[in-house]
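Residue strings, one per chain:
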Amino acid sequence: MISTLRQKYTALYGKSVNVEEMDNRFLSLVEAHKALFGKDKPMIFSAAGRTEIAGNHTDHNLGLVIGAAINLDTIAAASRRDDTVINFYSEGFPKCSIDFSDDEIKKDEINTTASLLRGIAKAFKDRGFEIKGWDANVTSRVLRGSGLSSSASVEVLIAEIFNALYAEDALSPVELAKIGQYAENVYFGKPSGLLDQLSCAYGGIIGIDFEDKTEPKVEALSFDFSDYDLEMVITDTRGCHADLTDEYAAVPPEMRQIAHFYGKENLREVDFDAFIKDLSAIRERVKNDRAILRAYHFFKENERVRYMLNDLKQGDIDTFLYNVTESGNSSFRFLQNVYPSSCPKEQGVSLAIALSEEILDGEGAVRVHGGGFAGTIQAYVPKRLISRYVEGMENLFGKGCTTIISIRSLPVARIY
């Protein structure tokens, strides 16, 4: 088993993978499976976490995004069953067991792993697959609450277990992502988009066009920032997300206020030149300058995503980094998701960006990462500055707040 897995480590975890550490991780996973279920030859699965490279808060208005699978993953050891029961042990959480012969939505399962298992099973049954149960133990290195999509990683992992065990891997990463989103929306009770699941499922860097949200267009790229002497670093500013639901929830409808001015549902359907021409009339009717600025961010960020995809294709790292900075500046000034308007005294993300710019001194780039308001930043740091950068961030936000990530090339998959 280990010799087979070692052949995939670089594609899973990047060039700097610690082989011995990964060997021990997978051996421990298999040993735990035997202890839990009495089976010593399970199948092994891996699903990535994800990072957003560009397209901050654009997907919900049918925009353009660049996402990427990363080297932090969720892994599972799984064995078939002959009934319709799933036993799911996730490290650090209580055991979860369901019988998916009952595929009704359960109110008492909302916001639980059980709802995801039941919803994903239902999605496979609806596609005509004859599925049975399985036993699995799971462990994850996708940091929770860090904007790296730990929940989407689990969703596409569950979908791939069904896909490999009972569907002969017939479903593509896009279909697996849709199944994860379906379970999250309908059974788990969270009205999320498809960005996170697509990025976790696909592998590598992908450009996503959500103009048709039911069939998003995905363009895959092969790119490694380490080839340009850069490390991608995520810093968790350890801000509080508890009271930020209203902040997140306000962004899509405020953008849509501008779309509604034109009788449209989403900003993607609005012409930018008309928007600029009509600013005075929009301001008079909408009476929300922040909504106008957020719409401006949407239009310019969509344009920037196109440029950044081309930068990566051409290997033009300097222009790419310039556009990363522009994306971050647009989020700060126009989207306004770098700190909560409800709590202006807490500005950890702003502080992290300021210190990053001081340490980088005109090199690399930095931007808010993910949903914003609190949470994480993403920085591209020259390797010679990495020690200084990590030390600076950890002096401000505490030891362990930084995570160096790399791009993973493999999609969600059975790896053994």
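Report on the accompanying structure. Source: prediction; values computed, not measured.

1. A word on the overall build of the protein
Within the protein, the secondary structure is distributed over 14 helices and 12 strands. When its C-alpha atoms are laid out on the principal axes, the protein stretches across 70 × 50 × 40 Å. When each of the 416 residues of the protein is scored for burial, the buried share is 56%. Within the protein, residue pairs in contact and separated by at least 24 positions form 72% of the contacts whose partners lie at least 6 positions apart. Total accessible area computed for the protein in this model is approximately 18,000 Å², and 48% of it derives from carbon and sulfur atoms.

2. Focus on the pattern of salt bridges
If you walk through the whole model with that rule in mind, you get 29 salt bridges. Measuring nitrogen to oxygen at the nearest pair gives 2.9 Å for the salt bridge that ties Lys 122 to Asp 126. Of this pair, Lys 122 and Asp 126 both sit in helix H4 (residues 113–126), four residues apart, which is roughly one turn of the helix. You can call Lys 122 buried: its relative accessible area is 17%. The closest approach of N and O atoms between Glu 265 and Arg 256, which form a salt bridge, is 3.9 Å. Several salt bridges converge on common partners, so that one network encompasses Lys 39, Arg 81, Asp 83 and Asp 135.

3. Description of the sheet that holds strand S9 (residues 365–369)
Strand order across the open sheet formed by four strands is S9-S10-S8-S11, with antiparallel pairing between neighbours. At either end of the open sheet lies a strand with only one pairing partner, and these are S9 and strand S11 (402–405). Averaged over all pairs of adjacent strands, the angle between strand axes in this sheet comes to 25 degrees, irrespective of strand direction. The sheet strands contacting helix H12 (residues 317–335) are strand S8 (230–236), S9 and strand S10 (376–382), and the helix crosses S9 at an angle near 40 degrees. Its contacts with the sheet place helix H13 (residues 348–360) against S9 and S10, and it is angled at close to 5 degrees to S10.

Conventions adopted
- Residue numbers restart at each chain and count upward from 1, following the sequence in its written direction.
- Totals for whole chains, interfaces and linings use every residue, but because this is a predicted model, local features are given only for residues with pLDDT of at least 70 and side-chain atom pairs only at 80 or more, for both listing and counting.
- Excluding hydrogens and water, the side-chain figures rest on all heavy atoms present in the structure.
- Labels follow the DSSP assignment, with helices taken as runs of H or I lasting at least four residues and strands as runs of E lasting at least two, numbered in each case from the N terminus.
- Burial classification: accessible surface area is computed with a 1.4 Å probe over protein chains only, and a residue below 20% of its type maximum counts as buried, one above 50% as exposed, and the rest as partly exposed.
- Residue contacts are counted whenever heavy atoms from the two residues lie within 4.5 Å of one another.
- Areas reported as accessible are Shrake-Rupley estimates using a 1.4 Å probe. Residue values count occlusion only from the protein chains shown.
- Between Lys or Arg on one side and Asp or Glu on the other, a salt bridge is scored when a side-chain nitrogen of the former is within 4 Å of a carboxyl oxygen of the latter.
- In this description, strands pair whenever DSSP reports at least two bridges between them.
- A fitted line through C-alpha atoms serves as each axis, taken over the contacting stretch for helices, and the angle formed by two N-to-C directions is quoted from 0 to 180°.

Function cannot be read off these values alone, since they describe shape.
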